[in-house]
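# Geometric and topological summary
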Amino acid sequence: MNPRFELDAEGVGQIIFGDPLRAHNVLTEEVLLDLEQAVAQAHDAAGEGRLRVLLIASAKPGSFIAGADVDAITAIAAAGDRKRGVEISRRIQAMFGRIAEMPVPTIAAIRGICLGGGTELALACHYRVSDDGDRTRIGLPEVQLGILPGWGGTTRLPRLVGLRAALDLLLTGKPARVSKAKRIGLVDQVFPRHQFRERCLDFARDVADGHGQGRDARATSGRRERRARVGSGRPRVRRGVVARLLDGTAPGRWLVLRMAGRRVLKLTGGRYVAPLRILSVVRRGLRGGPAAGLQAEAEAIGNLIASPVCRHLLGLFGWREAARKGPWSDGGRDAGVDRVAVVGAGQLGAGIAQLAAYNDLPVRMKDVRHEAVAGGLAYARSVFDGAVKRRKLRRRDAMTKMAMISGGLDYSGVALAGLVVEAVVERMDVKQAVLREVEAAVRAEAVIVTNTSSLSIDEMASVLERPGRFAGMHFFHPVHRMPLVEVVAGERTGADTIETIAALAVRLGKVPVITRDGPGFLVNRIIGPGLNEAGHLLDEGWDAAALDHVWTRFGMPMGPCRLIDTIGMEVAYHAGQALAAAFGDRLAPARSLTSLATSNRPGQKGGRGFYLYEGAKPKGIDPSVYADMGVSSPRSDLDPAGARDRTILAMVNEAARVLEDGIVPGAADVDLGMIMGAGFPPFRGGLLKYADDRGLHEIFATLSALHDAHGNRFEPSALLTQLAEGGETFHRAFPPADGARTERE
């Protein structure tokens, strides 16, 4: 049985989770049924006077409870079953309420991952203790799935840690490290991980003694007062006067909620409903009491779980987890990669080196100039400094990790690496020369990868003696922020090589998407036509800032002009040239973009592109950019819906051609890549999900009209035409399962 209730001779009871079939404990329907039975047994034992204290713990050292069963949530969301969502919420609220009302002290012993329903279970206990492990995290990530903590978490958390600290966890979904959890009062005690079980039992006995006829009257009184404060929901940590006014008074809470609502609307544009519902539920719980809050939670979870945004975010979660849990999920294939080397110390190369060191892999950077190596080390250090500033790392840890990066001009350190990343200039002749040097320097079993955005993997492999140990590993800039890695298989790349690279990507915290070799691979090939069409709109007189606004209103993180600046004018131009060479006139670069490529506008990194920049921040459009494009009177009174369709549907059409060419096997691969690598709005479910939801017949008709107006760059692809005529969708025709694709072919 999982979980199970145990009781020792001292009256210390335990409910122990330990699913033998999963790496982490998950609150599936079966587990919840067992938990109900275990809680009932504990209540009976307490009523009979045999139970003095209850400890809820995990038999797994790296996992307390990782949350609810996402597959079950996805099934409810897919069915749009609001009533079922409400019923489940109320049932589990009642069970967690029985834990909260237990007549003896209850303690959640948190060791490792504690998320979602696991955190809500812990919040129902009188005490929470945790280990001091670096990987222990406590959080409520439901907002990232388009829902909210509906099993008591949205109601209990503000009463425990204060409103502002609670909203930080609830609205971001980001889990807290142990140090933060202790600071805000989410956990009461932190014990050394190598003594965790023993210290938890000691703590439980101490609490039991204090709760009953304790050994020391003063200690007993203090413990009772402490438990009473937990039950009342008042914060248990010391706070300043301002904090007490904001968290502890009605006007202060009103102000905090009002400011939080404004921030949510500014960040999301109102497209994500869950954060707004969280604020509403918290407000109702604080005004009407816990019972009102729990009722509001259940109602909200029912409405949210039946929403399209929730379905889309759950779909994205499933695709991301599937990408991370391929044959490489156990990390076995990257066991030999205990050192990494990067050849090329520019920003991308240095970013890759920093990422490896951040994840505790020694890394060697090589370049042909001392200045380049020094610049690469300085860039890596600046990324670590940023992590310290954002409290992602302690200064001591950042220094330790930075020390794992070394640099030099020769191959002596490179030769020791299990995987070498080539990250030199995007020129085929240069890359081939460097790759030959790398292959001569490393062990025969080492894997060599190229970080290229568009050049042919097969052409590079043609100069190597061991092409089976070579592939593409395309990181996106900036490396430490962008979650996607394209793992590009050439014709002669070995399957074990792909598994090694994908496993390493997962170890580095990235999401790997496996693609075949082809111009632009996946993301750049699809986004290229969209950016090029933006260039055609600029040719026609569009104002660059207004054009960017079209994309940001659609939900993109930035517009096409800002994106070109971020990529770099020269890099974007060469990528466009490569696509045009491969696919002909339909992707011939727009006149404005060709002109800007030779106008001394490097983009964001050089402080001047479409925009003028101060560091990474745009200060506004550079007025002289229009003269460089040959546009004399930019206008913003043109057709925003038409501009949206011309740019977005150009990408939909190209994505269909990507599927036709077999670059990736499924529509989910396209959507995952575009969300993780290009920032396509997750609330829309992905580029092809957006097309499916809008209707392929309408997409086809719109592209046909654009084809008549603007020429062959809008000619609907053969696949899109076929699916539209057959009433199909991309996701039905190209599902994740390989078998469905094989059957279709």
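Turning next to the overall build of the chain. For the chain, the count of helices and strands is 33 helices and 20 strands. Its C-alpha atoms give the chain principal-axis dimensions of roughly 85 × 60 × 55 Å. A buried classification covers 55% of the 745 residues belonging to the chain. Within the chain, counting contacts between residues at least 6 apart in sequence, those at least 24 apart form 72% of the total. As displayed, the chain offers around 31,300 Å² of accessible surface, 52% of which is attributable to carbon and sulfur atoms. Across the chain, the centroid of the 99 positively charged side chains sits 10 Å from that of the 84 negatively charged ones.

Right, let's get into a positive patch on the surface. On the surface, K174, R390, K392 and R481 cluster together to form a positively charged patch. Looking at the secondary structure, you find R481 in the loop between strand 16 (470-475) and strand 17 (484-489). Judged by relative accessible area, which is 59%, R481 ranks as exposed.

To continue, consider the side chain of R525. Turning to its location among the elements, R525 is positioned in helix 21 (residues 523-539). With sequence-adjacent residues up to four places away left out, R525 is seen in contact with P519, G520, L579, F583, R586, E654, R657, V658, D661 and I663.

Here we come to the sheet that holds strand 7 (residues 127-131). Pairing within the open sheet is mixed, and its six strands lie in the order 1-2-3-5-7-10. Pairing within the sheet leaves two strands with one partner each, and these edge strands are strand 1 (4-7) and strand 10 (189-191). The average undirected angle you get between the axes of adjacent strands in this sheet is 25°. With six bridges joining them, strand 2 (residues 12-17) and strand 3 (residues 53-58) adopt parallel strand pairing. Bridge pairing in strand 3 links I15 to I56.

So, about the pairing of strand 1. Alignment of strand 1 against strand 2, held across four bridges, turns out to be antiparallel. Bridge pairing links F5 to I15 in strand 2. Adjacent in sequence and paired antiparallel, strand 1 and strand 2 are bridged by four residues, among which G11 carries a positive phi angle near 85°.

Another point: the packing of helix 21 against helix 22 (residues 544-554). Put simply, helix 21 and helix 22 touch, their axes get as near as 10 Å, and they point 140° apart. Between helix 21 and helix 22, the interaxial angle falls into the category oblique. Once helix 21 is placed against helix 22, the crossing between them reads as right-handed. Between helix 21 and helix 22, the contacting residues are G530, L531, A534, L537 and L538 on the first element and A544, L547 and W551 on the second. Here the contact of helix 21 with helix 22 is composed, by residue class, of seven nonpolar, one polar and no charged.

Evaluated as defined, the whole model comprises 38 salt bridges. Residue D410 is joined to R364 by a salt bridge in which the shortest nitrogen-to-oxygen separation is 3.9 Å. Of this pair, D410 sits in the loop between strand 13 (405-408) and strand 14 (419-422) while R364 sits in strand 12 (residues 363-366), and the two are 46 residues apart along the sequence. Taking the relative accessible area as the measure of exposure, R364 reaches 15% and is therefore buried. The partner of D622 in a salt bridge is R601, with the nearest N and O atoms 2.9 Å apart. Taken together, the residues span a long stretch of sequence, with D622 in the loop between strand 20 (617-621) and helix 26 (625-629) and R601 in the loop between helix 25 (591-597) and strand 19 (611-614) at a distance of 21 residues. You can call D622 buried: its relative accessible area is 7%.

The next point concerns the packing of aromatic side chains. All told, the structure shown has nine aromatic pairs when counted by the stated rule. Ring plane angle 80° and centroid distance 5.4 Å describe the contact between Y272 and F683, whose orientation is recorded as edge-to-face. You can see Y272 sitting in the loop between helix 11 (250-268) and helix 12 (274-288) and its partner F683 sitting in the loop between helix 28 (667-678) and helix 29 (687-694), a full 411 residues away along the chain. Chaining the aromatic ring pairs together yields one cluster made of Y127, F191, F196 and F203. Looking at K366, its charged tip hangs above the ring of Y411, at a distance of 4.8 Å from the centre. In this arrangement the basic side chain of R684 is found over the ring face of F554, its NZ or CZ atom lying 4.0 Å from the centre.

What follows covers the sheet that holds strand 6 (residues 113-115). Sheet strands line up and pair through hydrogen bonds in the backbone, either parallel or antiparallel. Strand order across the open sheet formed by four strands is 4-6-8-9, with mixed pairing between neighbours. The outermost strands of the open sheet, each flanked by one partner alone, are strand 4 (63-65) and strand 9 (176-177).

As a further point, take a nonpolar patch on the surface. Among the surface-exposed residues, W254, L255 and M259 lie close enough to one another that they form a single nonpolar patch of about 300 Å² accessible area. Take L255: its relative accessible area is 35%, and that puts it in the partly exposed class.

Glancing now at the packing of helix 11 against helix 12. Closest axis-to-axis distance for the helix 11/helix 12 pair is 10 Å, and the angle between their directions is 170°. Accordingly, the angle class assigned to the pair helix 11 and helix 12 is roughly antiparallel. Here R253, W254, L257, A260, G261, V264 and L265 of helix 11 lie close against helix 12, whose contacting residues are P275, L276, L279, V282, R283, L286 and R287. Across the contact of helix 11 with helix 12, the residue classes break down as 10 nonpolar, one polar and three charged.

The first and last C-alpha atoms of helix 11 sit 27 Å apart over 19 residues, in line with the 27 Å expected at 1.5 Å per residue. Positive phi appears at G269, one or two residues downstream of helix 11, with a value of about 65°.

Following the criterion strictly, the structure yields zero disulfides and no others. C114 supplies the cysteine sulfur nearest to C125, a cysteine that is in no disulfide, at a spacing of 9.7 Å. Its relative accessible area of 3% is what places C125 among the buried residues.

In this structure, P557 sits in the loop between helix 22 and helix 23 (560-567). In this structure, P557 is in contact with T552 and G679, ignoring residues within four places of it in sequence.

With glycine set apart, most residues show a phi of negative sign, and most peptide bonds adopt trans. Here the amide bond leading from H477 into P478 is cis, since omega sits at -5°, within 30 degrees of zero. Tracing the sequence through the fold places P478 in the loop between strand 16 and strand 17. In this model, F521 sits at a positive phi of 55°, which is unusual for a non-glycine residue. Within the secondary structure, F521 is located in the loop between strand 18 (511-516) and helix 21. The backbone of N600 shows a phi angle near 60°, a positive value even though the residue is not glycine. Here N600 is to be found in the loop between helix 25 and strand 19.

A word on helix 20 (residues 495-507). For helix 20, spanning 13 residues, the distance from its first C-alpha to its last is 18 Å, which sits close to the expected 18 Å at 1.5 Å a residue. Among the 13 residues that make up helix 20, 10 are buried, leaving the element largely enclosed by the rest of the structure. T497, I498, E499, T500, I501, A502, A503, L504, A505 and V506 are the residues of helix 20 that are buried. In this structure, the buried residues of helix 20 make contact with helix 14 (308-324), strand 14, strand 15 (447-450), strand 16, strand 17 and strand 18.

Turning our eyes to something else, we now look at the confidence of the model for the chain. Per-residue confidence for the chain gives a mean pLDDT of 91; residues scoring 70 or more make up 93%. Segment residues 212-235 is flagged for pLDDT under 50; beyond a separation of four residues in sequence, or across chains, it makes 38 contacts in the model. Predicted confidence is poor over residues 739-745, with pLDDT under 50, and the contacts of this stretch with residues over four places away or in other chains come to 11 contacts.

Rules behind the numbers
Residues numbered from 1 in each chain as written. Predicted model: local features only at pLDDT ≥ 70, side-chain atom pairs only at ≥ 80, totals over all residues. Heavy atoms only, no water. Helix = DSSP H or I, 4+ residues; strand = E, 2+ residues; numbered from the N terminus. Buried < 20%, exposed > 50% of the residue type's maximum accessible area, 1.4 Å probe, protein only. Contact = heavy atoms within 4.5 Å. Areas by Shrake-Rupley, 256 points an atom, 1.4 Å probe, with all protein chains shown as cover. Lys, Arg positive; Asp, Glu negative; His and termini not counted. Charge placed at Lys NZ, Arg CZ, Asp CG, Glu CD. Patch = residues over 30% accessible without salt bridge, like charges linked within 9 Å, V, L, I, M, F, W, Y side chains within 5 Å. Salt bridge = Lys/Arg side-chain N within 4 Å of Asp/Glu carboxyl O. Pairing = 2+ DSSP bridges. Axes fitted to C-alpha atoms, helices over the stretch in contact; angles between N-to-C directions. Parallel < 35°, antiparallel > 145°, perpendicular 65-115°, else oblique. Left-handed = near helix turned anticlockwise from the far one by under 90°. Nonpolar A, V, L, I, M, F, W, Y, C, P; charged D, E, K, R; others polar. Phe/Tyr/Trp six-rings, centres within 6.5 Å; stacked < 30°, edge-to-face > 60°. Lys NZ or Arg CZ within 6 Å of the ring centre and 35° of its normal. Expected span 1.5 Å × (residues − 1). Disulfide = S-S within 2.5 Å. pLDDT = per-residue confidence, 0-100.

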